[in-house]
Each structure stands twice: as C-alpha cells, then as structure tokens.
There are 2 protein chains.
Amino acid sequence: MNTPIVILVEPQMGENIGATARAMSNFGLDRLRIVAPRDGWPNSKAIEMAAHGAFILEQAQVFETLSQGLADVQYLVATSAGSRELEKPVVTPLEATAIMRKELAHKHNIAFMFGCERSGLSNDQLVLADVIATIATSPLNPSLNLAQAVAVMAYQWSCSVNEVKPPKPRGMRASKVAITQLLSHLEVELEHAGFFKVAEKKKRMLRNIHNTFIKASLTEQEVRTLHGVINALCDTKNDQKAC
Amino acid sequence: MNTPIVILVEPQMGENIGATARAMSNFGLDRLRIVAPRDGWPNSKAIEMAAHGAFILEQAQVFETLSQGLADVQYLVATSAGSRELEKPVVTPLEATAIMRKELAHKHNIAFMFGCERSGLSNDQLVLADVIATIATSPLNPSLNLAQAVAVMAYQWSCSVNEVKPPKPRGMRASKVAITQLLSHLEVELEHAGFFKVAEKKKRMLRNIHNTFIKASLTEQEVRTLHGVINALCDTKNDQKAC
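No experiment lies behind these values; they were computed from the predicted model shown.

Colleague: I'd like a rundown of the interface of chain B and chain A, residues and numbers included.
Modeller: Counting residues at the interface gives 60 residues for chain B and 59 residues for chain A. Summing the contributions of chain B and of chain A, the shared interface buries around 4,800 Å²; its carbon and sulfur component is 58%. If you look at where chain B meets chain A, you find zero salt bridges. At the junction of chain B with chain A, the criterion picks out 17 residue pairs in polar contact (both at pLDDT 80 or more).

Put into structure tokens, the structure is as follows:
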C-alpha cells in the first residue's frame with residue numbers, strides 16, 4: 001500500500017534525522033525527504049541513530065529548497081503548534097491521519113512536514129500545508145523533540161488501520177508546483193496592475209492569497225480555469241494596449 | 001490530577017533516560033522511577049537530553065532493585081512486544097491508557113514499566129505486570145527506541161486525558177450572499193473580457209468557479225481581498241480606457 005512521505009525541513013541534527021528514520025521504519029513508513037539539512041548529506045550521526053531504519057536514509061531524497069521537495073506533493077499536513085496569523089484548519093494527530101487515509105485513496109503523494117529543531121515551521125512554510133496537525137503538549141514543556149514528534153505522528157498513522165471507504169472519484173488534485181505557478185501568474189499581473197500599494201504588505205498579502213488557493217483544494221482543471229480567468233482579464237488589457 | 005508513574009528498568013544509556021524525561025514532560029507526566037541504571041546516577045548525558053524536562057530527572061526516584069521500585073505500585077502496565085510463555089492479557093496502548101484512567105480513579109500508584117534497550121523486559125519482570133501493552137510495529141524493524149516507546153505511551157495517555165481542544169478562532173466565514181456577489185463581480189468582468197467564448201458552456205464554467213470559492217471556505221476578509229484582486233486587474237484596464 002502507498003504510504004505518506006515524511007518531509008524534514010532544514011533539520012539541524014543528524015541524530016534527529018536518524019531517529020526519525022528509525023521511528024518511520026518502526027511504524028511502516030519508508031518515504032523520507034530531507035530539505036536543506038544543516039550539516040549536509042550523508043550524515044554519519046544520522047546513520048548511527050537510525051539502527052535498523054538505516055535503509056530509509058539510504059533511499060531518502062534530499063532537496064535544496066522546500067518548493068523542490070514539495071513539487072509533486074498533492075496533500076500536505078504540517079506538524080506544528082500552529083500559527084496565530086494564518087487561516088488554516090488545525091486538527092489533532094488522530095484527525096490528521098484519518099484525513100490522510102482518505103486522501104491516499106485517490107492521491108499518490110501525501111506528506112507530513114516537520115520544521116527545524118530550533119523554531120519549527122515558519123509562516124511561509126506553514127502556508128503551503130492543507131492542514132496543520134497539532135500534537136497537544138503540556139504548558140510545562142510544550143516543545144517536542146523533532147524525532148519524537150515524527151514518532152508520535154507515525155504511531156498515530158499506524159493506528160489508523162480502520163478501513164476507510166474511498167470517497168467518490170474527483171478531479172486530479174493540483175500539485176504544489178501548479179499552485180505556486182498560479183500564484184506567480186497572479187502576482188505578475190497584480191504587480192503590473194499596481195495592486196501592491198504598500199510594499200511591506202505585499203509578502204503577507206500574497207501569502208494570504210496563496211492560502212486561499214490551498215484551502216480550495218484546487219484540482220488541475222480548476223487551476224487551468226483560474227489561469228484562464230487571469231488571462232482573460234489581462235488579455236482585454238493587452239488588446240487595449242495593442243490599440 | 002494524579003498521573004501514572006514511568007518506571008525504567010535497568011536503562012543502559014543516559015541519553016534515553018533524558019529523552020524519556022523530555023517526552024514525559026511534553027505529555028504531562030512527571031513521576032519517574034529508575035531501577036538500577038547501568039551507568040549510575042546522576043547522569044550528565046541524561047540531563048543534556050532532557051532539555052526543559054530536566055526537572056523530572058531532579059525529582060526522579062532511583063532504586064537498586066525492581067521489587068523496591070514496585071513496592072507501592074497498585075497497578076502495573078508493562079510495555080513489551082509480549083511473551084510467548086506468559087499467560088498475560090495483551091492490549092494496545094489505547095486500551096492500556098483507557099484502563100489506567102479507570103484504575104487511577106481508585107488507586108494512587110499506577111505505573112508504566114519499560115525494559116532495557118538491549119532486550120526489553122524479561123519474563124521474570126513481565127510476570128509482575130497486570131497487563132502487557134504492545135505497541136504494534138512493522139516486521140521490517142520491530143524494535144522501538146526506549147524513549148520513543150515512552151513518548152508513544154505518554155502521548156497516548158495524554159490523548160485519553162486531554163479534553164478535545166476547541167479549534168482556534170478563525171476569521172468570520174463569508175456568507176453565501178457574499179460569495180454570490182463575488183461570483184457576480186467576476187462574471188461581469190469575465191463577460192466584458194470575452195471569457196465566455198462558447199455561450200452554452202458559460203453556466204457550467206461559472207458553476208465550477210462558484211464551487212472553487214465554496215471549497216475554499218472563504219472568510220469575509222478573503223472575499224474582500226478577491227474583490228480587490230479583480231478590481232486591480234480591471235482598474236488598469238479602465239485606466240487604459242480612460243487614456
């Protein structure tokens with residue numbers, strides 16, 4: 001059966017990458033992606049900590065940027081304490097893994113994403129997620145070790161063995177790269193139209209629009225339609241230019 | 001509220017004792033007992049790995065023998081892959097923590113027990129338990145790291161305790177009429193732009209765009225932003241008209 005990908009974003013310590021691989025292998029996950037590991041790759045400390053999970057490190061994919069690591073991902077769960085700024089659904093690990101079971105019925109690449117040890121996922125990284133899974137922790141010590149967080153999510157995944165009825169087929173979900181391209185298309189046109197009057201607000205506005213796209217769970221067809229919508233509004237403009 | 005005790009039996013590595021304390025503190029457990037730690041006590045590597053869970057190490061109780069460590073324990077859950085020899089009920093972590101919740105209602109000292117890294121709990125140790133909790137693992141790598149096993153049980157415990165967190169407040173959801181008005185705004189502009197080349201497809205295309213808006217669970221703020229996006233693209237056009 002197809003299983004979720006685990007994506008570590010800018011992990012700092014090899015030990016945690018290794019412990020992640022070990023926990024993944026304990027719970028039947030084997031698709032690891034590592035984005036911009038601080039200490040390069042391969043990492044001997046990771047191999048040491050992985051124990052019998054070392055095979056996962058051997059077949060891990062390493063990317064320089066998060067957008068490369070997410071390019072073909074169709075559904076993304078960010079593991080995070082959450083964001084006060086972003087409009088993003090927040091669920092428990094139990095709920096997240098139930099959703100992922102359903103998503104896997106008609107998508108190939110669904111993923112868990114984990115941020116770096118020091119600070120977790122930034123808002124710019126969180127915005128890419130379809131949903132945020134928050135592991136409830138004690139206020140006395142809310143900060144989970146990275147590999148422990150992976151272990152908890154992987155454990156919860158392995159518990160979600162209840163058979164899930166596949167939902168009725170729907171259009172193929174757009175990939176993250178398709179969404180990013182759509183956003184870029186819109187950004188260019190909005191820039192041209194003078195939409196971003198206050199320069200320092202631009203990044204945040206784009207992030208919010210990006211989030212709206214993500215929330216819509218856009219299909220490939222919908223992305224094409226939205227490109228068409230933007231083009232149509234701008235073609236008129238260009239026609240007028242030509243005149 | 002009273003919480004379960006965590007008992008590590010003959011742990012070998014200070015790092016795992018520390019990571020155990022960290023995971024315990026993450027999930028609201030604070031009663032640690034250590035039986036015959038291989039490298040003595042205190043252990044600097046344990047303190048290092050415990051991070052903000054170090055307070056649990058400071059108040060941990062250390063015993064020379066398991067029978068001393070268990071003397072006042074009234075209900076004991078052994079975490080183990082199980083035993084072929086012993087007649088002992090085997091339950092999942094979910095079932096184990098549900099039982100423990102009930103036991104805590106009328107007992108003070110209930111405990112999780114974990115064996116050493118190399119070989120887990122022996123039959124002589126397992127026999128002391130009321131029940132065995134087995135964390136199901138993959139045959140590819142069945143052996144869990146000690147602290148990961150503690151984290152999984154502590155997480156499962158916290159799930160059985162924590163009331164489901166209310167989802168964080170989010171922006172006011174846009175009304176259906178606000179969505180319809182947004183769609184109308186876009187329709188007018190698309191009509192003007194000649195987007196609907198085939199008249200009989202217009203209704204269906206608008207319905208699909210409408211559906212995209214609905215799927216996005218738009219907030220009032222997002223609807224305002226999207227009106228702004230459409231206006232921005234059209235203002236340029238109008239400016240050019242004016243010229």
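Colleague: Can you lay out the environment of Ile132 of chain A for me, pointing to particular residues and giving the numbers?
Modeller: Residues and elements named next belong to chain A. Relative to the elements of secondary structure, Ile132 occurs in strand E7 (residues 131-133). The class of Ile132 is buried, set by a relative accessible area of 1%. The spatial distance from the C-alpha of Ile132 to the C-alpha of Ala98 is 13 Å, given a sequence separation of 34 residues. Once residues within four sequence positions are removed from consideration, Ile132 is found in contact with Ala78, Ser80, Gly82, Lys88, Pro89, Val90, Val91 and Leu126.

Colleague: Can you tell me about the sheet that holds strand E5 (residues 90-91) of chain B, naming the residues and giving the values?
Modeller: Residue and element names in this part refer to chain B. In space, the seven strands of this open sheet follow the order E3-E2-E1-E6-E4-E7-E5, with parallel pairing throughout. The open sheet terminates on both sides in strands that have one partner only, identified here as strand E3 (61-63) and E5. Direction of pairing for strand E1 (residues 5-9) relative to strand E2 (residues 31-35): parallel, over a ladder of five bridges. Bridge pairing in E2 places Val6 opposite Leu32. The sheet contacts of helix H5 (residues 93-104) involve strand E4 (75-79), E5, strand E6 (110-114) and strand E7 (131-133), and relative to E6 the element is tilted by about 150°. Sheet strands touched by helix H7 (residues 146-161): E1, E4, E6 and E7. Its angle to E6, the strand with the most contacts, is close to 155°.

Colleague: So what's going on with the packing of aromatic side chains? Which residues, and what values?
Modeller: Summed over the entire model, instances satisfying the criterion amount to seven aromatic pairs over all chains. A ring pair is formed by Tyr155 of chain A and Tyr155 of chain B, whose centres lie 6.3 Å apart and whose planes are at 85°; its orientation type is edge-to-face. Within this pair, whereas Tyr155 of chain A is found in helix H7 (residues 146-159), its partner Tyr155 of chain B is found in helix H7, the two belonging to separate chains. Across this residue pair, the class does not change: Tyr155 of chain A and Tyr155 of chain B are buried. Their ring planes at 75° and their centres at 5.3 Å tell us that Phe195 of chain A and Phe196 of chain A sit as a pair that is edge-to-face.

Colleague: Describe helix H1 (residues 14-26) of chain A, naming the residues involved and giving the relevant values.
Modeller: With 13 residues, H1 of chain A extends 18 Å from end C-alpha to end C-alpha; this agrees with the ideal 18 Å at 1.5 Å per step. Burial within H1 of chain A is extensive, with 12 of its 13 residues counted as buried. Regarding H1 of chain A, the residues found buried are Gly14, Asn16, Ile17, Gly18, Ala19, Thr20, Ala21, Arg22, Ala23, Met24, Ser25 and Asn26 of chain A. Looking at the buried residues of H1 of chain A, the elements they touch are strand E1 (5-9), strand E2 (31-35), helix H2 (44-50), helix H3 (54-58) and H7 of chain A together with H7 of chain B. Among the residues trailing H1 of chain A, Gly28 of chain A stands out with phi positive, at a value near 80°.

Colleague: Quick one: what's the story with the packing of helix H5 (residues 93-104) of chain A against H7 of chain A, residue by residue and with numbers?
Modeller: Think of two packed helices as two axes; the pair is described by the angle between the axes and how far apart they sit. Residue and element names in this part refer to chain A. Relative orientation of the contacting elements H5 and H7 amounts to 55°, with a least axis distance of 9 Å. The orientation of H5 relative to H7 falls into the category oblique. Both H5 and H7 take part in a crossing whose hand is right-handed. The segment H5 lies against H7, with Pro93, Leu94, Ala96, Thr97, Met100, Arg101 and Leu104 engaging Met153, Gln156 and Trp157. Tallied by class, the residues present in the contact of H5 with H7 amount to seven nonpolar, two polar and one charged.

Colleague: I'd like a description of the environment of Arg84 of chain B, backed by residues and values.
Modeller: Of note, Arg84 of chain B is situated in the loop between E4 and E5. Spatially, the C-alpha atoms of Arg84 of chain B and Ala46 of chain B are 33 Å apart, while their sequence positions differ by 38 residues.

Colleague: Tell me about H7 of chain B, and name the residues and values.
Modeller: All names here are of chain B. Taking 1.5 Å of rise per residue, the 16 residues of H7 would be expected to cover 22 Å, and the 23 Å separating its terminal C-alpha atoms lies within 8% of that figure. Counting buried positions along H7 gives 13 out of 16 residues, so the element sits mostly inside the fold. For H7, the capping residue at the N-terminal end is Asn145, with a side-chain oxygen 2.9 Å from the backbone nitrogen of Ala147.

Colleague: If you had to explain the sheet that holds E7 of chain A to someone new, which residues and values would you point to?
Modeller: Residue and element names in this part refer to chain A. Pairing within the open sheet is parallel, and its seven strands lie in the order E3-E2-E1-E6-E4-E7-E5. Two strands bound the open sheet, and with one partner strand each, they are strand E3 (61-63) and strand E5 (90-91). Here E5 runs beside E7; their pairing, made up of two bridges, is parallel. Residue Val91 lies in a different strand from E7, and its bridge partner there is Ala133.

Colleague: Could you give me a rundown of the environment of Leu94 of chain A, with the residues and numbers involved?
Modeller: Turning to its location among the elements, Leu94 of chain A is positioned in helix H5. Measuring from C-alpha to C-alpha, the distance between Leu94 of chain A and Gln156 of chain A comes to 6.3 Å, with 62 residues separating the pair along the chain. The residues touching Leu94 of chain A, leaving out its near neighbours within four places in the chain, are Gln156 of chain A together with Tyr155 of chain B.

Colleague: Outline the side chain of Arg22 of chain B, supporting the account with residue identities and numerical values.
Modeller: Along the chain, Arg22 of chain B turns up in helix H1 (residues 14-26). At 3.2 Å, the side chain of Arg22 of chain B and the backbone oxygen of Ser143 of chain A are in polar contact.

Colleague: With reference to specific residues and values, describe the pairing of E2 of chain A.
Modeller: Residue and element names in this part refer to chain A. Where burial is concerned, most of E2 is hidden: four out of the five residues are buried. Read from E1 through H1 to E2, the crossover connection turns out right-handed. Of the strand pairs in this sheet, E2 and E3 are connected by three bridges, and their pairing is parallel. Each bridged residue has a counterpart across the sheet, and for Val35 the counterpart in E3 is Phe63.

Colleague: Help me get a handle on the state of the cysteines, residues and values and all.
Modeller: Scanning the model with the defined rule gives zero disulfides over all chains in all. No disulfide involves Cys234 of chain A; its sulfur sits 8.6 Å from the nearest other cysteine sulfur, which is in Cys234 of chain B. Using a relative accessible area of 3% as the deciding quantity, one classes Cys234 of chain A as buried. Residue Cys159 of chain B stays outside any disulfide, its sulfur separated by 9.4 Å from that of Cys159 of chain A, the closest cysteine.

So, how was this worked out
Residues numbered from 1 in each chain as written. Chains lettered and ligands numbered in written order. Predicted model: local features only at pLDDT ≥ 70, side-chain atom pairs only at ≥ 80, totals over all residues. Heavy atoms only, no water. Contact = heavy atoms within 4.5 Å. Buried area = accessible area lost by both parts, 1.4 Å probe. Salt bridge = Lys/Arg side-chain N within 4 Å of Asp/Glu carboxyl O. Polar contact = N/O pair within 3.5 Å; in protein donor to acceptor, adjacent residues only side chain to side chain. Helix = DSSP H or I, 4+ residues; strand = E, 2+ residues; numbered from the N terminus. Buried < 20%, exposed > 50% of the residue type's maximum accessible area, 1.4 Å probe, protein only. Pairing = 2+ DSSP bridges. Axes fitted to C-alpha atoms, helices over the stretch in contact; angles between N-to-C directions. Phe/Tyr/Trp six-rings, centres within 6.5 Å; stacked < 30°, edge-to-face > 60°. Expected span 1.5 Å × (residues − 1). Parallel < 35°, antiparallel > 145°, perpendicular 65-115°, else oblique. Left-handed = near helix turned anticlockwise from the far one by under 90°. Nonpolar A, V, L, I, M, F, W, Y, C, P; charged D, E, K, R; others polar. Right-handed = clockwise from strand over helix to strand, strands pointing away. Disulfide = S-S within 2.5 Å.

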